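Working through the structure, step by step
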Amino acid sequence: MSRFFFDGEPIEAQPGDTVASALYRAGRRIFTRSFKYHRPRGLLCLSGHCPNCMMNVDGVPNVRACVTPAREGMRVRHQNAWPSLEQDWLSAAQHFDSLMPVGWYYKTLTHPSAWHVAEPWIRKVAGLGDPPPPDAPPREYEHAFLQAEVAVVGGGPSGIAAAFEAASGGAQVILIDDQPEPGGHLRYTRPGEAPASIAQLRGQPNVELLARAYCFGLYEGGLLGVLQADPHPGAHERLVHLRAKRVVVATGAYEVPLLFENNDLPGILLSGGARRLLFLHRIVPGRRCVIVGIGARAEDLASDLRGAGIEIVSLISPDEVLGAVGSTRVEGLRFRGGSVTCDLIVVCGPLLPDAGLLSQAGARLAWSAAHGAFLPADLPPHVTAVGRVTGSGLEPAVPLPPGEVRAGKRHFVCLCSDVTSQDLVDGISEGFEHIETLKRYTTATMGPCQGRMCQLPAIGICARETGRTMGETGTTTARPPSPSVTLGALAGPRHHPVRRTPMHYQHEALGAVWLDMGAWKRPRYYRTAESSEERRCVQGEYQAVRERAGMIDVSTLGKLEVRGRDAGRLLDKVYTNRFSDLRPGRVRYCVICDDAGIMLDDGTISSIADDHYFLTTTTGNLEFVEQWLEWWLAGTGWDVHITNLTGGLAAVNLAGPQARDVLAGLTGLDVSAKAFPYMACRQALVADIPAILLRIGFVGETGWEIHVPAESGEDLWKALLEAGKAFGIRAFGVEAQRLLRLEKQHVIVGVDTDALTSPYEADMAWVVKLEKNDFIGKAALSRAAGDPREQLVGFVMQEDGVPDDGSAVVMDGRPAGRVTSSRFSPREGRAIGLAWVPAGLAGEGAEIRVRVQGRPLLARVTRRPFYDPEGARLRM
Amino acid sequence: MSFLLRCPHCGDRSVYEFRFGGEVKPRPAPGASEEEWVNYAYNRTNSAGVQTEWWYHRSGCRQWIKAVRNTRTNEVLETFYPEENAR
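These numbers come from a predicted model, not from an experiment.

This next bit is on the overall build of chain A. On a plain count of helices and strands, chain A comes out with 23 helices and 46 strands. For 876 residues, the compact-globule formula gives about 29 Å, and the C-alpha radius of gyration of chain A, at 37 Å, lies well above that figure. Overall, the C-alpha framework of chain A stretches about 115 × 70 × 55 Å when taken along its three principal axes. A fraction of 65% describes how many contacts in chain A between residues 6 or more apart in sequence connect residues 24 or more apart.

This part is about the sheet that holds strand β17 (residues 311–316) of chain A. Across a sheet, paired strands are connected by hydrogen bonds in the backbone, their directions being either parallel or antiparallel. Residues and elements named next belong to chain A. Read across the open sheet, the four strands follow the order β15-β21-β16-β17; overall the sheet is parallel. Among the strands making up the open sheet, the edge pair consists of β15 (268–270) and β17. Each strand of the sheet is rotated relative to its neighbour by a mean of 25°, with strand direction disregarded. In this structure, β15 lies alongside strand β21 (residues 344–347), joined through three bridges in parallel fashion. Each bridged residue has a counterpart across the sheet, and for isoleucine 268 the counterpart in β21 is isoleucine 345. Sitting on the sheet, helix α7 (residues 271–280) is in contact with β15 and β21, with an inclination near 90° to β15. Taken strand by strand, helix α8 (residues 295–307) contacts β16 (288–292), β17 and β21, and its axis lies near 170° from that of β17.

How big an interface is tends to be stated in terms of accessible area lost as the parts join. Contacts between the two partners involve 17 residues from chain A and, on the opposite side, 16 residues from chain B. Every element with two or more residues in the side of chain A that touches chain B is listed here: α18 (622–633) and α22 (778–784) of chain A. Element by element, the count of residues in the side of chain A that touches chain B is highest for α22 of chain A, at four residues. Split by residue class, the side of chain A that touches chain B holds seven nonpolar, four polar and six charged.

All names here are of chain A. Running from N to C, helix α17 (residues 567–574) and α18 point in directions that differ by 110°, and their axes come no closer than 10 Å. Relative to α18, the element α17 lies roughly perpendicular. On α18, the residues that touch Leu570, Lys573 and Val574 of α17 are Trp628, Leu629, Trp632 and Leu633. Per-class residue counts for the contact of α17 with α18 are six nonpolar, no polar and one charged.

This next bit is on the nonpolar core. Residues and elements named next belong to chain A. If you look at the biggest cluster of nonpolar residues, it comprises 136 residues, and the most contacted ones within it are Ala151, Val152, Ala163 and Ile345. With seven residues, strand β13 (residues 235–249) is the largest single contributor of residues to this core. Excluding its chain neighbours within four sequence positions, the residues that come into contact with alanine 151 are Ile174, Ile176, Leu224, Leu242, Ala244 and Val247. Counting residues in each nonpolar core, the second largest holds 108 residues, with Ala549, Ile598, Val708 and Leu740 among its members.

On to unusual backbone geometry. Residue and element names in this part refer to chain A. Here the residue pair tryptophan 82 and proline 83 is connected by a cis peptide bond, since its omega of 0° sits within 30 degrees of zero. Structurally, proline 83 can be placed in the loop between β7 (75–77) and α2 (104–108). Residue proline 481 is reached from proline 480 by a cis peptide bond, and omega for that bond is -5°. Although it is not a glycine, asparagine 62 sits at a positive phi angle of roughly 60°. Tracing the backbone through its elements, the reader meets asparagine 62 in strand β6 (residues 60–64). For asparagine 62, a count of 17 C-beta atoms within 10 Å translates into the label partly exposed. At aspartate 230, a position not held by glycine, the phi torsion is positive, near 45°. Tracing the chain through its elements places aspartate 230 in strand β12 (residues 223–232).

What follows concerns the sheet that holds strand β18 (residues 321–325) of chain A. Residue and element names in this part refer to chain A. What the three strands build is an open sheet, ordered β18-β19-β20; its pairing is antiparallel. Two strands lie at the open edges of the sheet, namely β18 and β20 (338–341), each paired on one side alone. Neighbour-to-neighbour, the strand axes of the sheet open up by a mean angle of 15°, direction not taken into account. Judged from the four bridges that link them, strand β19 (residues 332–335) and β20 form a sheet pairing that is antiparallel. Bridge pairing links glycine 332 to threonine 341 in β20.

This part covers the pairing of strand β39 (residues 703–709) of chain A. Residue and element names in this part refer to chain A. With six of seven residues buried, β39 is to be regarded as a mostly interior element. Relative to β39, strand β36 (residues 649–655) runs antiparallel, the two sharing seven bridges. Bridge pairing in β39 links alanine 655 to glycine 703. Strand direction decides the pairing type here: strand β38 (residues 689–694) and β39, joined by three bridges, are antiparallel. Across the sheet, the residue bridging to leucine 693 is isoleucine 706, located in β39.

On to helix α4 (residues 157–168) of chain A. Residues and elements named next belong to chain A. Under the 1.5 Å per step criterion, the end-to-end length of α4 is 16 Å for twelve residues, consistent within 8% with the ideal 16 Å. Burial runs high along α4: nine of the twelve residues are buried. For α4, every residue scored as buried is listed here: Pro157, Ser158, Gly159, Ile160, Ala162, Ala163, Phe164, Ala166 and Ala167. The elements touched by buried residues of α4 are β8 (141–153), β9 (173–176), α5 (186–189), α6 (196–203), β10 (207–210) and β13.

What follows deals with the confidence of the model for chain B. Mean pLDDT over chain B works out to 93, with 95% of the residues at or above the 70 mark. Here the predicted complex scores 0.87 on pTM and 0.96 on ipTM.

What follows concerns the pairing of β36 of chain A. Residues and elements named next belong to chain A. For β36, the buried fraction is high: seven of the seven residues fall into the buried class. Direction of pairing for strand β30 (residues 550–553) relative to β36: antiparallel, over a ladder of four bridges. Counted as the bridge partner of isoleucine 552 is asparagine 653 from β36.

Moving on, we come to the packing of α4 of chain A against α6 of chain A. Residue and element names in this part refer to chain A. Relative to each other, α4 and α6 sit at 40°, their axes nearing to 10 Å. On the basis of their axis angle, the class for α4 and α6 is oblique. When you trace α4 past α6, the crossing you get is left-handed. Of α6, the residues touching α4 (which contributes Ile160, Ala161, Ala163 and Phe164) are Ser197, Ile198, Gln200 and Leu201. Of the residues contributing to the contact of α4 with α6, the split by class is six nonpolar, two polar and no charged.

Now for the environment of cysteine 66 of chain A. All names here are of chain A. Within the secondary structure, cysteine 66 is located in the loop between β6 and β7. Taking the C-alpha atoms as reference, cysteine 66 lies 9.5 Å from alanine 22; in sequence the two are 44 residues apart. Leave out the neighbours within four places in its chain, and cysteine 66 touches Thr18, Ala20, Leu43, Leu46, Gly48 and Cys53.

Rules of the game
- Residues numbered from 1 in each chain as written.
- Chains lettered and ligands numbered in written order.
- Predicted model: local features only at pLDDT ≥ 70, side-chain atom pairs only at ≥ 80, totals over all residues.
- Helix = DSSP H or I, 4+ residues; strand = E, 2+ residues; numbered from the N terminus.
- Rg over C-alpha atoms; globule rule 2.2 N^0.38 Å.
- Contact = placed C-beta atoms within 7 Å.
- Pairing = 2+ DSSP bridges.
- Axes fitted to C-alpha atoms, helices over the stretch in contact; angles between N-to-C directions.
- Nonpolar A, V, L, I, M, F, W, Y, C, P; charged D, E, K, R; others polar.
- Parallel < 35°, antiparallel > 145°, perpendicular 65-115°, else oblique.
- Core = buried A, V, L, I, M, F, W, Y, C linked by C-beta atoms within 7 Å.
- Buried ≥ 20, exposed ≤ 12 C-beta atoms within 10 Å, placed from the backbone.
- Expected span 1.5 Å × (residues − 1).
- pLDDT = per-residue confidence, 0-100.
- Left-handed = near helix turned anticlockwise from the far one by under 90°.

Dropping the structure here:
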């Protein structure tokens, strides 16, 4: 015994109860209010197909109560009714149904102003359920990846037999069943007669049973999308990506309602629903019952219901029925030649093959008059169907709709969106004769049941009204996911991968303010004891680098090792400048272009030995560069091996006029300008750590990029900070680095360049060696060398104001270019930046206008670095 | 799209493990005409049918392979190392 809450009221639940069965036992008969007219609706199918029991369970809207096990402490709320299910003020809507004919949005709200007046009201009352509030506790979802030789969808008698047969042959089998227990319809049509094969199946070690799981999509490559509810207490739902060599679809058949007046009243159950209440939950659904049906199925049902103590008032053939009587629940039934009073109507509806999955997978649906149903044909390879889904074992057809079309305003075809047979007839008479256009116009088959309940009656009405056969009318298209899937399950676990450099916690201790670069966390700047204001902190870091010494963690740079006899040959081919002549111990700046001459990435290449190079790439482009090099290598047979060292190395850029003094205290290497000049590289111990040192200068000062094994990154960082203390060293972040490099007009590929930039336009003609035999981009660059149309230039603002990155450069009031980077330069005392301008405005000293907060301010072009244009400080 | 690709090194794998590298197009010789270079750099055949294409096994052996695939049906007829077929 457990207890949950419905609209705040405690409800007792027996073991095995669903939310719906416990509520029914407690006397509840109205479970929902319908979508459009807010008509009361009660349990109908009890199999998770129809929309009649959708509730809010623990904050999740549109949960089908009839297939949700009742659990201790659950909080269940009604939806789509105000103030309560019993007294829903919005049910007044059904008295205005003549104002809301089929397609009424399109007919009545044609004037633009009408829609604006109506929209807020429609938004308020339309829709189904409320999304969880933003502060609701998050739910856990997970994804699993499984493989099987045979996947069997459906745990009924045919599915069990198919699984058993495949397993006996030695195959690895996964059986997917949406019920808590396998057995399918036998569980409620012949209770107590569970087939022996269920026990046998459980004994098979090569069979895995996924219970309370349904397959919502059958995709190419034998992929099944499976959603499993409550896989374990830590997860709400699990989405299984199941790959199977063979798929057996044994989804069986489902029962659909019949068409008569008030066929949606609470107290009208499908025979399967009545049986489930009786045999799965031991609930007697009523006292005086009328059965609508014919033949052995109706007789069997009558005898089972009588056995439970229910009085069977009458057994009526479907084509005799005129309508149900009652307002909020069934009080009687009218039929040709009379009427009876009753509190329960059980309908033996037609059983239809559940072939949606097969149809999605590409099978054709062919009309079978003998079955009164569309049966799957031409199955895709590796997919088979067994059991009732093929039509086998289904009784002969009950014509649907029975007799002539009963166009009625209370004959509900589509329970999900309140579409009546009259609506369909009206839609057809307005010209929507094709089943697909009729579907879109009336919204029949488009609701939460995804057409299960209404597709066949809708096709039947369409066929008769247009004088076609069922086969000629055809079906609407089945698409995954069906049944529907929660967005949370598709999104999966809430994992946000984060990459931290080896020095991450040192930065944290220094007060880093973080910047996300892809998955990496990088310090944007460091707060100090004096200030946490960005501008002041950045300025302090800037001054340390320009006047004393600074250090920045550059571990996020892409780092590749390229080795082998043909390594230089590959680099010559892929990069625009030459590397085969790069002597060991030297570093060169490098640019990659594609064959259209577009700049893709830049970095440095250091020669360690004749057959051994060390490459750095920009942080975001590492994966691309690695794949690009591998691609140009593929199939050449060259002796080159590329290894990604990014995660294995930590790196620090130490820079500033006193950087040499800091470094000299930590290494035995001669770091004088003569022994270790600009653009040289050395391998040596730094603070007793084996390191590769590159003398390069992105920020424009004497400096070294020091690469060490990742596990020693923190030690190096601490050693540099300690050794630098006497010199006033400071750690600097990405923001200070951007300002420092901007003063040198060093571009950042992808920030200052875009998908159309050639090195000529970026003012970097010197990196292109057109005299080389061949390289990627040579043909295009040879032609582009002449006259770039646009040019990337530096500029200095002549008036106060710092343009945002991306601001327009204007000429005669029209946009003529754009700013790619701009910062306030403490050195210049005004804003500087890089901008794209037409070639005609790219001359030294040209005046341009940059829009800053709506005003075109004067700026002057300069193509010389603002700081140390001769590069003397780099070489010191 | 959920078809399988047979990586010559790793076997049958989900297409999600791979990066698509486009159709295989022979690169013009260094001295080729401007038209040939423009065609190579900017134009794609965009076949509706069988084509040979590059795939990179990103979440596997990290090698480039070639596949012969029907772009209408996603049927993969053949996969091989680029060595087995001149670039």
